[in-house]
Structure formats: structure tokens, C-alpha cells
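# Chains, contacts and geometry: an overview
Below, each chain spelled out in residue letters.
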Amino acid sequence: MTAGEKWSPSEKKVARTAYDAALKVALDKTLAELKSRAHVAATPSEIWDVEDFLRQQRRKIDYSQLIQVFANLIRQGYLEENLLVGLSEDKRQTIRKYASWNREG
């Protein structure tokens with residue numbers, strides 16, 4: 001798949017729904033972990049550790065290319081592939097391929 005490949009309106013809708021669902025799961029997990037870490041933070045160093053955690057999570061969540069985003073979200077357990085039904089099969093195959101590479105590396 002090339003970077004300039006067009007997404008149909010229905011694919012864009014499926015992609016948005018899947019992304020929003022995965023983002024909610026990721027943010028809910030991040031929020032729960034943040035609360036846990038903040039609750040036990042007792043020193044200035046531990047406060048900055050919480051900040052580092054948030055920055056790392058933001059980098060994991062904020063990706064610019066949807067194919068890679070979906071592959072990473074599947075690998076991390078934030079997204080079920082069945083939410084991508086409606087994308088073209090070649091896009092889904094590419095997502096599967098990237099997700100499997102991520103598991104191996």
C-alpha cells in the first residue's frame with residue numbers, strides 16, 4: 001500500500017469508529033494507571049516519574065499514520081481487528097502484517 005492510497009468515505013468512517021474505540025480503551029487504561037501512580041507518589045522524584053509515564057503514554061497513543069496506529073493498537077490489545085471490517089482487504093492485510101512484525105520485534 002502506498003502513502004497516497006485513497007480511503008473511501010465508508011473506510012474513513014470505519015477507521016474513525018475503530019480509532020475512537022481504541023483511543024477510549026487506551027485512555028481509560030492510562031487514566032487508571034495515572035491515578036494509581038499519583039496516589040502512591042510520595043516524593044518529588046516520584047511526581048516526575050508520573051510525568052514521564054504520561055509522556056511515554058502520549059507518544060504511544062499519538063501516531064500520525066492510521067495503518068501503523070491500528071497495527072500498534074491491535075498488538076497492544078487496545079483494538080480488536082473486527083472493528084476494522086469495512087476497510088479494504090489490502091489495508092487490513094497490511095495492518096495484520098505490521099501488527100505481526102511488531103509482535104516479533
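Presented here is a report on the structure given in the accompanying data block.

Enumeration over the complete set of coordinates arrives at eight salt bridges. One salt bridge in this structure joins Arg37 and Glu33, with 2.7 Å as the shortest N-O distance. Remark: Glu33 and Arg37 occur in helix 1 (residues 9–40); sequence separation between them is four residues, near one turn of the helix. Taking relative accessible area as the criterion, Arg37 reaches 33% and is therefore assigned partly exposed. With a relative accessible area of 32%, Glu33 lands in the partly exposed category. Glu81 is the partner of Arg92 in a salt bridge, and the nearest nitrogen-oxygen pair spans 3.6 Å. Of this pair, Arg92 sits in helix 4 (residues 89–104) while Glu81 sits in the loop between helix 3 (66–76) and helix 4, and the two are 11 residues apart along the sequence. Since its relative accessible area comes to 15%, Arg92 is described here as buried. Judged by relative accessible area, which is 25%, Glu81 ranks as partly exposed. One connected set of salt bridges, linked through shared partners, spans Glu81, Glu89, Arg92 and Arg96.

Looking now at the environment of Ala18. The residue Ala18 is located in helix 1 in this model. Residue classification places Ala18 among the buried residues on the basis of a relative accessible area of 0%. Taking the C-alpha atoms as reference points, Ala18 and Asn82, 64 residues apart in sequence, are found 9.0 Å from one another. With residues near it in sequence (within four places) discarded, Ala18 still touches Phe70, Leu79, Leu83 and Leu84.

So, on to the nonpolar core. If you look at the biggest cluster of nonpolar residues, it comprises 19 residues, and the most contacted ones within it are Phe70, Leu73, Ile74, Leu79, Leu84, Leu87 and Ile95. If you list the elements that add at least two residues to this core, you get helix 1, helix 3 and helix 4.

Cut-offs used in this document
- Residues numbered from 1 in each chain as written.
- Predicted model: local features only at pLDDT ≥ 70, side-chain atom pairs only at ≥ 80, totals over all residues.
- Heavy atoms only, no water.
- Salt bridge = Lys/Arg side-chain N within 4 Å of Asp/Glu carboxyl O.
- Helix = DSSP H or I, 4+ residues; strand = E, 2+ residues; numbered from the N terminus.
- Buried < 20%, exposed > 50% of the residue type's maximum accessible area, 1.4 Å probe, protein only.
- Contact = heavy atoms within 4.5 Å.
- Core = buried A, V, L, I, M, F, W, Y, C linked by side-chain atoms within 4.5 Å.

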